[in-house]
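Observations on the model geometry
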Amino acid sequence: MAKVPVLKNYINGSWKSSSSGDTFDNVNPANTSEVIGRFQQSTCKDVDEAVEAAAAALPKWKNTPAPQRGEILFRVAEILVKRKEQLAQDMTREMGKIIKETRGDVQEAIDMAYYTAGEGRRLLGETVPSELNNKFNMSVRMPVGVVAAITPWNFPMAIPSWKLIPALVCGNTVVIKPASDTPLSSYNLVRICEEAGIPPGVLNMVTGSGRNVGTPLMDHPKVNLVSFTGSTDTGSIVAAHCAKQMKQYSLEMGGKNAIIVMDDADLNLAVEGVLWGAFGTTGQRCTACSRVIVHKKVIKKFSNMLLRRTKNLKVGNGLNGKMEMGPLINEEQRQKVLNYCNIGVEEGAKLLTGGACVSGKGLSKGFFFEPTLFADVSPKMRIAQEEIFGPVLSVISCRNLDHAIQITNDSKYGLSSAIYTQNVNSAFKAIENLDTGITYINSSTIGAEIQLPFGGTKGTGNGHREAGTVALETFTEWKSVYIDYSGTLQKAQIEE
Ligand code: NAD
């Protein structure tokens, strides 16, 4: 058996063991007998050391000209491109999703690095006229300070990159705590940042649990901003801690996303989009489609088409390029999904296929679950309201577009939505009335591109967005500057 590598924290430019001396195992969810790496079970002492390093590195990094910061991030992109395949394979082994999707996850980090590196030569502010003569008004961006990045396991490289790269180009220093199910991809990204020339202390990584690392990190008095992605339950804990300390925080949280299929839709196209949205990443995307709301005139035909395709999905180890769906992330998540399937049956929904763990055929050592389809789901059932985060799709009937929009919006979340229709009026009505941060027309709920804002309304977020140029709003503070070159005391708003 190959020796399991022990992978360390990255603090102040050095790779260090935790002060606890303990490690935890990162296992392959498709085959639990494979341990991918042993990571540091860190403590608040390690967190303190990392934050102190980030605080000490801040003055020099924020005074490094932004174009130079951008050039280092451009090199990060170049290295990611060269190592894409290896990084994707590492990710499939630690997270389970199929290799095509982990290549996409790395590609998102590449896109983010190329796009955001250019901000080093922009970081645009405003110049506006003054109401007085001989006076110049402008606004400039300043870094916020030390950023704590706390990330989930479902996009192990893309999500860390969405935080680190904009934070760094803006002149902040960072401590990242990745999810304990997928620390390897963050480790790989941090190593690449080191290789690209990010100076010691500017970027630090501490691995370990939410309680032992996440909490002391967000509570550290020298952390100025917490950038969190994860569940709404954890996000509300983060919000409460940060609010008490008057700290800035941005939250990207859960979803219960719906696709509307109208009676004029191209049903073949809609089936493909629904399958991709519901079963891609084994349903473990914040933007996954877990409700499909279908016009009553076509629901029978559509459900039959969807059922046929769902039954034929190939489930297995994601490193096998023929597979269409990998395992769930861990046993706890698999039990949660199973429990929701039982709840669906008890609530009176009709189980069309799936609803059970997959074993046999070489899959018994992984957390595999059947692609699951429920029909006759009513909008108030728990399976139609709560985030399951697994391959479980509910088919709900609607009378017309208004009814479909009403069902879609009847959710505590507001991340992504989609509509399949050939009618331009219906499409624009949906864009206007769906209460979500993202809406797709004739496409699935997943597949965001990094050059547009990403995030959601209601329980999905706290008004911030990641990606695009708006990410700069999270990672910078505005300074308004007034330059009076009149040589006299000029008073704005005051009549003399
Ligand atoms: P999670 O909330 O359990 O964990 C997220 C991160 O927070 C992990 O690093 C975890 O260790 C840490 N954490 C846990 N408890 C903490 C605490 N008390 N204090 C500080 N940190 C703590 O979420 P998860 O299970 O890793 O991810 C799945 C969730 O993430 C789903 O709800 C999904 O919808 C959401 N998600 C949202 C987006 C988005 O952009 N909106 C993207 C991906 C995932």
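Source: prediction; values computed, not measured.

Criteria and cut-off values
- Residues numbered from 1 in each chain as written.
- Predicted model: local features only at pLDDT ≥ 70, side-chain atom pairs only at ≥ 80, totals over all residues.
- Heavy atoms only, no water.
- Pairing = 2+ DSSP bridges.
- Helix = DSSP H or I, 4+ residues; strand = E, 2+ residues; numbered from the N terminus.
- Axes fitted to C-alpha atoms, helices over the stretch in contact; angles between N-to-C directions.
- Domains from an automatic or database assignment.
- Contact = heavy atoms within 4.5 Å.
- Buried area = accessible area lost by both parts, 1.4 Å probe.
- Salt bridge = Lys/Arg side-chain N within 4 Å of Asp/Glu carboxyl O.
- Polar contact = N/O pair within 3.5 Å; in protein donor to acceptor, adjacent residues only side chain to side chain.
- Buried < 20%, exposed > 50% of the residue type's maximum accessible area, 1.4 Å probe, protein only.
- Patch = residues over 30% accessible without salt bridge, like charges linked within 9 Å, V, L, I, M, F, W, Y side chains within 5 Å.
- Areas by Shrake-Rupley, 256 points an atom, 1.4 Å probe, with all protein chains shown as cover.
- Arc of directions from axis to C-beta.

All right, on to the sheet that holds strand 13 (residues 257–261) then. The mixed open sheet is built from seven strands, whose spatial order is 15-16-17-14-13-19-20. Each edge of the sheet is formed by a strand with only one pairing partner; in this case those strands are strand 15 (350–353) and strand 20 (438–441). Here the average twist between neighbouring strands, direction ignored, is 25°. One ladder, built from four bridges, connects strand 13 with strand 19 (residues 416–420); its direction is parallel. Among the inter-strand pairings, Ile-260 is bridged to a residue of strand 19, identified as Ile-419.

The next thing to look at is the domain arrangement of the protein. What the domain assignment lists for the protein is domain 1 (6–253 + 461–480) and domain 2 (257–441). One C-alpha centre belongs to domain 1, the other to domain 2; they are set 31 Å apart. Counting from both sides, the interface comprises 23 residues of domain 1 and, opposite them, 26 residues of domain 2. Summed over both partners, the interface of domain 1 with domain 2 comes to about 2,000 Å²; 63% of that surface belongs to carbon and sulfur atoms. A salt bridge links Arg-285 to Glu-101, with the shortest nitrogen-to-oxygen separation between them at 3.8 Å. The interface formed by domain 1 and domain 2 includes six residue pairs in polar contact (both at pLDDT 80 or more).

This part takes up unusual backbone geometry. With phi around 55°, Thr-281 is a residue other than glycine that occupies positive phi space. Of note, Thr-281 is situated in the loop between helix 8 (267–279) and strand 14 (289–295). A relative accessible area of 2% places Thr-281 in the buried class. Not every positive phi belongs to a glycine, and Asp-376 is a case in point at roughly 55°. Looking at where Asp-376 falls in the secondary structure, it is placed in the loop between strand 16 (372–375) and helix 11 (382–385).

Another aspect to go through is a nonpolar patch on the surface. The grouping of Val-424, Phe-428, Ile-431 and Ile-441 at the surface amounts to a nonpolar patch, some 370 Å² of accessible area in total. The leading source of residues in the nonpolar patch is helix 13 (residues 424–433), at three residues. Within the fold, Ile-441 resides in strand 20. By relative accessible area, Ile-441 is classed as partly exposed at 32%.

Here helix 13 has its buried residues at Ser-426, Ala-427 and Ala-430. When helix 13 is viewed along its axis, its buried side chains cluster within an angular range of 100° and face the same direction. Residues Val-424, Asn-425, Phe-428 and Glu-432 are exposed on helix 13 and point more than 90 degrees away from its buried face. In this structure, the buried residues of helix 13 make contact with helix 12 (401–409), strand 19 and strand 20.

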